[in-house]
Amino acid sequence: ALAAMPRAGLVRVTEQRNFAGKTVEVARTVKAGSKAHAAAEKRKAATGVDAVLGALEKKQKVTVTEKSRADWETHKEKADLTEELEKHKRSGGAYLAQQDFLKRTELRQWEKGKSTAAQAAPAATAPRAR
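This structure is a prediction, so every number in the text was calculated from the model and none was measured.

Asks: I tried to follow the overall build of the protein on my own but got confused; where do I start?
Replies: Across its full length, the protein holds five helices and three strands. In the protein, the succession of α and β elements from N to C terminus is β-β-β-α-α-α-α-α. When the accessible surface of the protein is split by element, carbon and sulfur atoms take 56% of a total near 10,900 Å².

In structure tokens, the structure reads:
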């Protein structure tokens with residue numbers, strides 16, 4: 001099956017493949033007009049004898065890596081993570097720099113609170129004159 005993608009020029013192609021003895025659907029995003037897209041169109045348009053031969057044809061096997069990649073792509077779409085991941089990808093190391101900054105700021109606030117408490121504590125615990 002084919003589905004149009006939000007990005008221009010990309011098409012989602014779904015194929016039936018064999019993985020661990022089971023038939024699974026593997027969805028891939030390919031460029032419109034590519035060889036993979038043309039092959040999917042041909043399979044989709046098969047009728048009559050071609051359709052019967054296609055059904056009898058042994059399914060291609062999927063490697064663990066391909067299956068993991070397909071599962072990750074599906075998860076990104078369901079959880080709507082694509083934009084967030086692209087944002088972090090473009091920012092480079094900015095995310096880590098931001099986390100370092102936040103840690104340093106928190107440490108400074110803690111030290112300031114500690115020194116303020118230490119200054120107030122001796123006055124409260126000073127021995128009284130009798």
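Asks: In this structure, what is going on with the pattern of salt bridges? I would like to understand it.
Replies: As a working rule, side chains carrying opposite charge can pair if their charged atoms are close by. Inspection of every chain in the model, using the stated rule, returns two salt bridges. Here Asp71 ties to Lys67 by a salt bridge, and the two come within 3.1 Å at their closest N and O atoms. Linking Asp71 with Lys67, this pair stays in helix α3 (residues 64-78), spanning four residues, or about one helical turn. Residue Asp71 is classed as partly exposed on the basis of its relative accessible area, which comes to 39%. For the salt bridge of Glu73 with Lys76, the shortest nitrogen-to-oxygen distance reads 3.4 Å.

Criteria and thresholds
Residues numbered from 1 in each chain as written. Predicted model: local features only at pLDDT ≥ 70, side-chain atom pairs only at ≥ 80, totals over all residues. Heavy atoms only, no water. Helix = DSSP H or I, 4+ residues; strand = E, 2+ residues; numbered from the N terminus. Areas by Shrake-Rupley, 256 points an atom, 1.4 Å probe, with all protein chains shown as cover. Salt bridge = Lys/Arg side-chain N within 4 Å of Asp/Glu carboxyl O. Buried < 20%, exposed > 50% of the residue type's maximum accessible area, 1.4 Å probe, protein only.

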